[in-house]
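Architecture at a glance
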Amino acid sequence: MGSTKDTLGDFELLVLLAVLRLGDEAYAVPIVDEIEARTGRSPSRSAVYLTLKRLEEAGLVASEMGDPLPERGGKARRYVRVLPEGRRLVRETRAGLRRMWEGLEIAEAGGGAGGVS
Amino acid sequence: MSAPRLPRVLVWALRRAAGPMADEVEGDLHELMHRWSSGGSAVTAWLRGVGTALRMIPRLSVGRAVEALRHGGPSGWSLDGKLAVRLIWRHPGLSVISVVALAATMALATSLFTLTTAVLYSDLPVEDGDRIVIVDLRDETTRRTLYPTWGEYRAWTEGATTMEHVGAFRVSRLNLGRDDIPVQAVPGAWVTPSLFRFNPTVPLAGTLFTEAMVAETPNVVLLGEDVWTAQFGGDPDVVGQYVEVNGAEHRIVGVLPESWRFPADESLWVPFVRPAGATEEDHFPGAHLIGRIGPGESLDRATAEAAARIGRATPLPDRIPAVTVRPFARGFSDPAEVPLFWTAVGALVLLVLVAAANVANLVLARTEARRSELAVRSALGASRSRIVGQLFIEAFALTGLAAVLAVTLSTWGLEWMASVVQGLPYYIDLSPDPFVWAFAIGLAGLAAVFAGVVPALRTTRQGMADGVRGTRAIGFGRVSQAVIVAEIALSVALLGSAFALGQSFMGYTRGSVVELDDEGIVTATLYTPWEGDIAEQEDISDFDARLRASVRRQLERELGVPVGFTLDLPGTEAQSSRIEIAGENTLHSVRGVSVDDGFFDVVEVEASPGRVFERADFLEGASPALLVNEPFVDDVLGGRNAVGRTLRFHYGDGTQSGWAEVVGVVPDLGMNPGDPKAGAAVYRRLSGSNHLSIMARADGVDPFALVPAMREAAFDFDARVQLRDARLLRDAARDQRALLTGFGSALFVMGGMALLLSAAGLYAVISFGIASRTREIGVRVALGADALRIVRTVAFRVSRNLGIGLALGLGLGWAFLQGVGVLEFTIRVNPVIHLGVPAALMAFAGLVSVWRPLKRALAIQPAEALRAE
């Protein structure tokens with residue numbers, strides 16, 4: 001297995017969360033849909049492939065090929081699931097973010113850089 | 001409903017970009033298109049699919065490359081790179097020879113390329129520098145530069161419609177001095193004030209001069225920053241002070257920054273004004289017309305206008321100027337020479353290819369030796385293009401290294417050259433720019449194709465499977481034999497010529513064969529800017545005679561040291577002349593040396609037999625006398641007596657001097673072109689010249705202590721006379737020959753390296769050729785063949801190639817040396833040494849390369865050889 005990771009990038013976190021949400025149905029196509037639907041951002045498909053590969057090499061996700069499907073031109077899907085190490089990192093990232101948010105309140109509009117109490 | 005299909009080529013590209021994820025990516029895209037087509041039209045789905053694929057291909061390729069780099073794991077080209085570096089490391093000898101030889105030839109080509117682009121395509125380092133132009137005036141038939149008449153100057157400066165600004169300049173050294181500042185000849189220029197409008201600069205202090213200022217007081221001067229710092233100690237109050245320029249008082253109006261040294265490399269500027277009384281037909285020698293092209297105008301239109309205007313104003317019927325308006329910074333080369341420059345660059349690129357071909361031989365041999373390794377890679381799935389690519393990268397690792405070394409060497413060489421050749425314009429930048437790097441890298445690529453791809457294609461052409469099985473006998477076919485023959489021929493011819501030229505140039509440092517006591521002799525050039533000034537007022541030879549007499553009188557009176565004048569210094573090359581001996585009909589080529597009667601006192605040389613020049617020889621009405629040197633007696637007269645014979649000089653224009661009697665024979669003073677055997681010289685009495693060398697012997701004191709007195713004596717006679725380049729006689733001789741010595745040494749070193757490379761290449765090709773037949777030879781011996789006969793057969797084949805190559809090389813080299821002899825330099829060709837040494841070395845390399853592998857082949861046990869079959 002590849003090298004281990006201590007931190008997650010923004011996009012890596014999004015991809016991991018999408019995989020967690022999709023459960024057994026996680027592969028590149030719905031991952032992109034999921035991120036798009038929930039964040040309103042349209043991620044680059046190439047970035048999703050490269051990120052999944054990187055996360056797999058880092059031991060955060062594992063993948064396995066499904067059955068060949070006719071609507072895929074006879075090619076199989078690569079299903080991804082999050083490994084315990086990946087879950088731990090997601091939890092840690094969430095805790096870190098929470099701590100950063102504690103006590104912060106951002107004004108809804110027109111507050112500029114200020115508006116923090 | 002079936003999904004629309006992507007074009008095959010797109011699928012192929014997508015799969016390549018996706019690498020190991022190819023199936024997954026292709027499947028996902030297929031699925032998406034299926035989904036899109038079921039929710040809408042097939043065409044839209046197809047278009048979306050194509051768009052998605054096109055976006056993904058570059059992102060996936062770049063993304064994977066970045067990931068690979070991040071991991072440091074070798075894949076694809078980076079693996080080839082690593083293999084290449086490892087190979088260089090594993091064959092250090094081969095690598096060093098290849099890199100050094102390639103670097104030397106590439107450095108030559110790169111230097112010439114740098115010079116060519118700098119001379120032909122420089123621009124002034126100001127805004128719109130390419131719009132600043134110079135009017136190139138040349139004689140239509142001889143192509144010699146013409147200087148404008150005042151009438152032509154007026155025609156150009158008054159009312160040219162294609163020009164925004166017009167002006168003129170003239171470059172010359174100017175004597176700058178003051179009571180508290182010793183007189184010094186400073187590079188300067190007369191310039192029209194308009195110059196500062198089209199090539200603007202901001203003075204460090206004071207102002208620039210303007211037409212109005214000049215009309216009122218023409219005696220104003222601008223100082224360059226270097227002169228201001230060195231001569232005036234950076235005095236902040238220098239503006240407004242008075243200095244003497246060529247003896248006339250001038251007011252300093254400003255100081256210009258170091259970055260502005262227009263037109264060439266000047267440090268002092270005075271106004272360019274038409275002298276009172278100059279007629280329209282008078283020339284101002286050295287003057288050039290310049291200007292700045294108006295907006296929207298072209299060089300062609302400016303040329304047409306200038307030709308028309310100047311043509312109308314040209315006064316003399318026998319003066320037919322060819323007029324071209326050219327960008328200023330490119331204006332000093334003759335456009336007719338442009339193809340010449342590029343031909344020379346092309347020739348050096350060919351030289352690089354010759355070196356690359358040598359490296360190719362070495363690589364070929366190595367590639368053959370690695371056949372099994374390549375076959376294994378092929379068996380593991382590497383395509384032919386992949387393997388050729390790998391070998392290209394290996395070769396490129398070598399040639400790229402050579403290119404970096406070449407640019408470094410070339411930069412050093414050009415820096416050194418710029419320091420030896422003075423007066424290079426300030427805007428000519430010889431440091432390597434992106435074009436130079438691109439050229440060098442292009443050369444590296446070309447050399448890598450030659451040295452890597454060609455051998456690789458040859459090696460991979462035959463079945464790789466043979467390599468795995470190890471059954472194929474490696475041989476060198478006709479092409480290889482032709483390469484060997486051409487190789488030997490070119491090496492002998494080119495290297496022989498390089499050695500001859502190198503030796504000839506090197507000879508320049510050893511010009512003097514007499515041990516002159518030149519330690520204490522100081523020399524300098526006395527330069528009189530006679531053009532336009534003195535020449536029109538008085539006869540230069542009269543001016544010159546009075547100058548010499550005055551300077552000599554003053555120095556001998558004040559310092560009590562012997563002083564002499566000459567046009568040619570001992571140890572430097574004197575002018576080549578032709579003389580006729582009375583009573584003989586043949587002309588002899590000798591060195592013609594012009595000296596005064598003090599010359600021999602300074603060098604402390606006496607005549608035997610006869611006498612040297614005396615003061616009486618220079619008096620009016622004295623009968624003309626000549627001296628000859630000892631080589632003249634030996635070479636021209638064949639040892640016969642010289643004194644009392646009469647000789648006369650034949651000039652280039654078909655005229656002759658009067659007959660004059662030889663009054664003495666002096667030793668050789670080394671005024672030959674680098675070959676003591678070409679040292680026959682005739683000394684004649686010095687008459688007028690505006691470019692004299694003064695020599696003085698300082699006995700017991702520092703020779704340089706004489707220089708201020710020399711300068712003062714000249715200045716006292718006429719304030720325009722400049723004293724330049726004061727140095728020891730010994731250094732003068734060395735300086736004159738430094739450049740050629742440098743070239744000579746470079747030719748020697750490069751010739752030597754090329755020879756080494758050629759010999760190594762030859763060795764590699766022949767010895768690998770034989771080594772590959774080891775088994776065959778072993779089998780033959782096992783079957784009872786006579787070992788001696790085998791040796792004879794192989795030796796015959798090799799020596800036939802060697803012989804043809806050597807014969808061709810000797811012929812080519814001989815022809816080339818005859819051609820070189822046409823050059824100005826006297827090259828004494830010694831075919832035994834110049835062609836014989838490279839030929840012998842190549843022959844030796846050829847024989848050694850046969851002997852060692854053959855010995856190995858014959859030592860094989862017959863049984864072993866048979867078993868291998």
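Overview of the structure.

Conventions adopted
- Residues numbered from 1 in each chain as written.
- Chains lettered and ligands numbered in written order.
- Predicted model: local features only at pLDDT ≥ 70, side-chain atom pairs only at ≥ 80, totals over all residues.
- Heavy atoms only, no water.
- Helix = DSSP H or I, 4+ residues; strand = E, 2+ residues; numbered from the N terminus.
- Contact = heavy atoms within 4.5 Å.
- Areas by Shrake-Rupley, 256 points an atom, 1.4 Å probe, with all protein chains shown as cover.
- Axes fitted to C-alpha atoms, helices over the stretch in contact; angles between N-to-C directions.
- Left-handed = near helix turned anticlockwise from the far one by under 90°.
- Nonpolar A, V, L, I, M, F, W, Y, C, P; charged D, E, K, R; others polar.
- Phe/Tyr/Trp six-rings, centres within 6.5 Å; stacked < 30°, edge-to-face > 60°.
- Buried < 20%, exposed > 50% of the residue type's maximum accessible area, 1.4 Å probe, protein only.
- Buried area = accessible area lost by both parts, 1.4 Å probe.
- Salt bridge = Lys/Arg side-chain N within 4 Å of Asp/Glu carboxyl O.
- Parallel < 35°, antiparallel > 145°, perpendicular 65-115°, else oblique.
- Core = buried A, V, L, I, M, F, W, Y, C linked by side-chain atoms within 4.5 Å.
- Polar contact = N/O pair within 3.5 Å; in protein donor to acceptor, adjacent residues only side chain to side chain.
- 1 Å grid on protein atoms, 1.4 Å probe; cavity = no way out; pocket = protein on both sides within 12 Å on 5 of 7 lines; lining within 4 Å.
- Points joined across faces, edges and corners; volume = space filled by probe spheres on them.
- Patch = residues over 30% accessible without salt bridge, like charges linked within 9 Å, V, L, I, M, F, W, Y side chains within 5 Å.
- Pairing = 2+ DSSP bridges.
- Lys, Arg positive; Asp, Glu negative; His and termini not counted.
- Charge placed at Lys NZ, Arg CZ, Asp CG, Glu CD.

**Notes on the overall build of chain A**
Across its full length, chain A holds four helices and two strands. Starting at the N terminus and ending at the C terminus, chain A contains elements arranged as α-α-α-β-β-α. A separation threshold of at least 6 residues defines the contact pool for chain A, and within that pool the share at least 24 residues apart is 47%. If you sum the accessible surface of chain A, you get close to 7,000 Å²; carbon and sulfur atoms cover 51% of it.

**Points about the packing of helix α6 (residues 150-157) of chain B against helix α10 (residues 299-313) of chain B**
Residues and elements named next belong to chain B. Following both chains from N to C, one finds α6 and α10 inclined at 145°, their axes separated by 8 Å at the closest point. Remark: the crossing between α6 and α10 carries right-handed chirality. Taking contact as the criterion, the partners of G151, E152, A155 and W156 in α6 are, on α10, A306, R309, I310 and A313. Split by residue class, the contact of α6 with α10 holds five nonpolar, one polar and two charged.

**Examining unusual backbone geometry**
All names here are of chain B. Note the cis peptide between F262 and P263, where omega equals 0°. Its place among the elements puts P263 in the loop between β7 (248-256) and β8 (268-271). Along the chain, S608 connects to P609 via a cis peptide bond; the corresponding omega equals -5°. Positive phi values are uncommon outside glycine, yet N246 reaches one of about 50°. Mapped onto the secondary structure, N246 falls in the loop between β6 (242-245) and β7. Positive phi outside glycine occurs at E604, with the angle close to 55°. Position of E604 relative to the elements: it lies in the loop between α19 (599-603) and β15 (625-629).

**Let's talk about the packing of aromatic side chains**
All names here are of chain B. Scanning all chains against the criterion turns up 20 aromatic pairs over all chains. Here the aromatic rings of W150 and Y153 are separated by 5.3 Å at their centres, their planes lie at 90°, and the arrangement is edge-to-face. One end of the pair is W150 and the other is Y153, both in helix α6 and three residues apart, which spans about a single turn. Taking 5.8 Å as the distance between ring centres and 20° as the angle between the ring planes, the aromatic pair formed by F392 and F396 counts as stacked. One end of the pair is F392 and the other is F396, both in helix α13 (residues 384-420) and four residues apart, which spans about a single turn. Residue classification places F392 among the partly exposed residues on the basis of a relative accessible area of 27%.

**Observations concerning the interface of chain B and chain A**
Taken together, the 25 residues of chain B in the interface contact 18 residues of chain A. Approximately 2,000 Å² of surface area, both sides summed, lies buried where chain B meets chain A, with 58% of it carried by carbon and sulfur atoms. For chain B, the biggest contributors to the area lost against chain A are E24(B), D28(B) and E31(B); these three give 28% of the whole. At the junction of chain B and chain A, the tally comes to six salt bridges.

**Some points on the packing of helix α1 (residues 10-22) of chain A against helix α4 (residues 84-101) of chain A**
Helix-helix packing: each pair is described by the crossing angle between the helix axes and the interaxial distance. All names here are of chain A. Relative orientation of the contacting elements α1 and α4 amounts to 120°, with a least axis distance of 11 Å. Our classification of the angle between α1 and α4 gives oblique. Considering the relative orientation of α1 and α4, their crossing is left-handed. Across the interface between the two elements, L13, L16, L17 and L20 of α1 pack against G86, R87, V90, T93 and L97 of α4. Looking at the contact of α1 with α4, its residues break down into six nonpolar, two polar and one charged.

**Re the nonpolar core**
It is characteristic of soluble globular proteins that their nonpolar side chains tend to be buried jointly. Residues and elements named next belong to chain B. V135, M163, L176, F232 and F272 are the most contacted members of the largest nonpolar core, which has 40 residues in total. Among the elements that take part in this core, strand β2 (residues 163-178) stands out by supplying five residues, more than any other. In this structure F272 touches W150, Y153, A168, F169, R170, W190, V191, T192, F284 and A287, once residues within four positions along its chain are discounted. With 28 residues, the next largest nonpolar core counts A118, F209, W260 and A329 among its residues.

**Things to note about the pattern of salt bridges**
All chains considered together, the criterion is met by 35 salt bridges over all chains. Here R552(B) and D597(B) are joined by a salt bridge, their closest N and O atoms 3.1 Å apart. With R552(B) in helix α18 (residues 540-559) and D597(B) in the loop between β14 (587-595) and α19, the pair connects residues that are 45 residues apart, well separated along the chain. For the pair shown, R552(B) and D597(B) are each scored as buried. E584(B) is the salt-bridge partner of R640(B), the closest N and O atoms lying 3.3 Å from each other. Taken together, the residues R640(B) in the loop between α20 (630-636) and β16 (646-650) and E584(B) in the loop between β13 (575-581) and β14 connect sequence positions 56 residues apart. Via salt bridges that share partners, E71(A), R72(A), R77(A), D28(B) and E31(B) belong to a single interconnected network.

**Digging into the side chain of R72(A)**
Here R72(A) is to be found in the loop between β1 (61-69) and β2 (75-82). For R72(A), a relative accessible area of 0% puts it in the buried group. Polar side-chain contacts of R72(A) include one of 3.2 Å to the backbone oxygen of K75(A). Looking at R72(A), its side chain comes within polar contact range of the main-chain oxygen of A76(A), at 3.0 Å. When sequence neighbours within four positions are dropped, the list of residues in contact with R72(A) reads Y27(A), R77(A), E24(B), G27(B), D28(B), H30(B) and E31(B).

**Focus: empty space enclosed by the protein**
Take a probe with the size of a water molecule and roll it over the atoms, and the empty space left behind shows itself. All names here are of chain B. The final tally for this structure, using the stated rule, is two cavities of 30 Å³ or more. Around the second largest cavity sit P148, T149, W150, Y153, F272, F284, A287 and L289, which together line it. Mapped onto the lining of the second largest cavity, the elements with two or more residues apiece are α6 and β9 (287-293). In the lining of the second largest cavity, the residues fall into seven nonpolar, one polar and no charged.

**Looking at a nonpolar patch on the surface**
All names here are of chain A. Together, L97, W101, L104 and I106 line one region of the surface with nonpolar side chains, adding up to about 420 Å² of accessible area. Among the structural elements, L104 can be located in the segment after α4. For L104, a relative accessible area of 40% gives the class partly exposed.

**Brief notes about the pairing of strand β1 (residues 132-139) of chain B**
Residue and element names in this part refer to chain B. Judged by how many residues are buried, β1 sits mostly within the fold: eight of eight residues are covered. Neither face of β1 is left uncovered, since the one carrying I132, I134, D136 and R138 and the one carrying V133, V135, L137 and D139 both have all their residues buried. Pairing between β1 and strand β10 (residues 321-327): seven bridges, direction antiparallel. Each bridged residue has a counterpart across the sheet, and for I134 the counterpart in β10 is R326.

**Considering the environment of I777(B)**
All names here are of chain B. Note that I777 resides in helix α23 (residues 774-782). Using a relative accessible area of 6% as the deciding quantity, one classes I777 as buried. Counting along the chain gives 81 residues from I777 to L858, while the straight-line C-alpha distance between them is 7.2 Å.

**A few points about a positive patch on the surface**
On the surface, R87(A), R91(A), R94(A) and R98(A) cluster together into a positively charged patch. Among the secondary structure elements, R98(A) is positioned in helix α4.

**A word on the pairing of β13(B)**
Residue and element names in this part refer to chain B. Sheet topology places β13 next to β14; six bridges connect them, and they run antiparallel. In the strand pairing of β14, R578 is matched with S589. Where β13 hands over to β14, the hairpin turn is made up of five residues, of which G583 adopts a positive phi near 90°.

**What about the environment of T110(B)?**
All names here are of chain B. As for its placement among the helices and strands, T110 is situated in helix α5 (residues 92-121). Separated by 329 residues in the primary sequence, T110 and F439 place their C-alpha atoms 7.3 Å from one another. Excluding residues within four positions of it along the chain, T110 makes contact with A406, V407, S410, V436, F439, A440 and L443. One polar contact links the side chain of T110 to the main-chain carbonyl oxygen of M106, over a distance of 2.6 Å.

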